[in-house]
Amino acid sequence: MAARSVRRLGRGLSLGRGLCFRGSPRVFSTAAQQRSTGDECGPEDPHDEPKHPRSDCAIKHKAIKLEEQVQDLTERYRKALADSENVRRRTQKFVEDAKLFGIQSFCRDLVEVADILEKTTESAAEEAEPSNPNPTLKKIYEGLSLIEAKLQSVFAKHGLQKMNPVGGKYDPYDHEIVCHVPAEGMQPGTIALVTQDGYKLHGRTIRHALVGVAVESQE
């Protein structure tokens, strides 16, 4: 009798265990369904919510600042471009002036030689008059005249020109007054005579002409 009771008790325990394990999947599945259902019924994604008006204002403010920065940088670029162009032009002008007026000091010294040659030629012309039968002086005069003409031709080739101010108006940038002479047949203020020739190199005065200006005679 005792053995039968033990057997019945073991069978009951085994059946109870089978029922518990067999019923557990249903319990777990029901909990999973509740969880999934709860998730589906939960709040929507926060990203789908409408944005706050303050964020739109911040974006507009940043866009305005960026536009101002672009305008500022554009204006700076234009100014820098204009400055670089001015520097380029000044540099180009400096190079051109250096090419044209690089011989300015040499020309100043050379025109003094031209003065001496001119005076020597004038003296030879006075000595080689038709009344003087000396043929040597005549040949010297002719040679000096050819040299003077050639020298003036070389001057003109390199942009060096002698001024011819007689009869023209006085210009302080080109002339230097050394005396005044009576205006006989000339308008006052005009140049009546030249004591030393002036020269220009490519239009720039490198030596002023020493002149005498006509003035009204005082009786």
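Given the structure is predicted, the values throughout are model-derived calculations rather than measurements. (Residues numbered from 1 in each chain as written. Predicted model: local features only at pLDDT ≥ 70, side-chain atom pairs only at ≥ 80, totals over all residues. Heavy atoms only, no water.)

A. Structural detail: the overall build of the chain. Across its full length, the chain carries 4 helices and 6 strands. Taken from N to C terminus, the helices and strands of the chain fall in the order α-α-α-α-β-β-β-β-β-β. Sequence separation of at least 24 residues holds for 63% of the intrachain contacts in the chain that already meet a minimum separation of 6. As displayed, the chain offers around 17,800 Å² of accessible surface, 56% of which is attributable to carbon and sulfur atoms. (Helix = DSSP H or I, 4+ residues; strand = E, 2+ residues; numbered from the N terminus. Contact = heavy atoms within 4.5 Å. Areas by Shrake-Rupley, 256 points an atom, 1.4 Å probe, with all protein chains shown as cover.)

B. Just the nonpolar core, in detail. The biggest cluster of nonpolar side chains holds 13 residues, and the ones touching the most others in it are Phe155, Leu160, Tyr199, Leu201 and Ile206. Element by element, the count of residues in this core is highest for helix α3 (residues 104-127), at 5 residues. In this view, Leu160 contacts Cys107, Val111, Phe155, Tyr199, Lys200, Leu201 and Ile206; residues no more than four positions away in its chain are not counted. (Core = buried A, V, L, I, M, F, W, Y, C linked by side-chain atoms within 4.5 Å. Buried < 20%, exposed > 50% of the residue type's maximum accessible area, 1.4 Å probe, protein only.)

C. A look at a negative patch on the surface. On the surface, a cluster of negative charge is made up of Glu122, Glu126, Glu127 and Glu129. As for its position among the elements, Glu126 is in helix α3. (Patch = residues over 30% accessible without salt bridge, like charges linked within 9 Å, V, L, I, M, F, W, Y side chains within 5 Å. Salt bridge = Lys/Arg side-chain N within 4 Å of Asp/Glu carboxyl O. Lys, Arg positive; Asp, Glu negative; His and termini not counted. Charge placed at Lys NZ, Arg CZ, Asp CG, Glu CD.)

D. Examining the sheet that holds strand β6 (residues 209-215) more closely. In spatial order, the strands read β2-β6-β3; together these 3 strands make up an open sheet with mixed pairing. The strands lining the two open edges of the sheet, one partner per strand, are β2 (175-182) and β3 (191-196). Between one strand and the next, the sheet's axes are offset by a mean angle of 30°, whatever the strand orientation. Bridging between β2 and β6 involves 7 bridges; their strand directions are parallel. Along β6, the bridge assignment pairs Ile177 with Val211. (Pairing = 2+ DSSP bridges. Axes fitted to C-alpha atoms, helices over the stretch in contact; angles between N-to-C directions.)

E. Just the packing of aromatic side chains, in detail. What the rule picks out here adds up to 1 aromatic pair. Centroid distance Phe155 to Tyr199: 6.0 Å. Interplanar angle 90°. Geometry classified as edge-to-face. You can see Phe155 sitting in helix α4 (residues 135-157) and its partner Tyr199 sitting in strand β4 (residues 199-201), a full 44 residues away along the chain. The ring of Phe101 carries the charged tip of Arg204 above its face, separated from the ring centre by 3.7 Å. (Phe/Tyr/Trp six-rings, centres within 6.5 Å; stacked < 30°, edge-to-face > 60°. Lys NZ or Arg CZ within 6 Å of the ring centre and 35° of its normal.)

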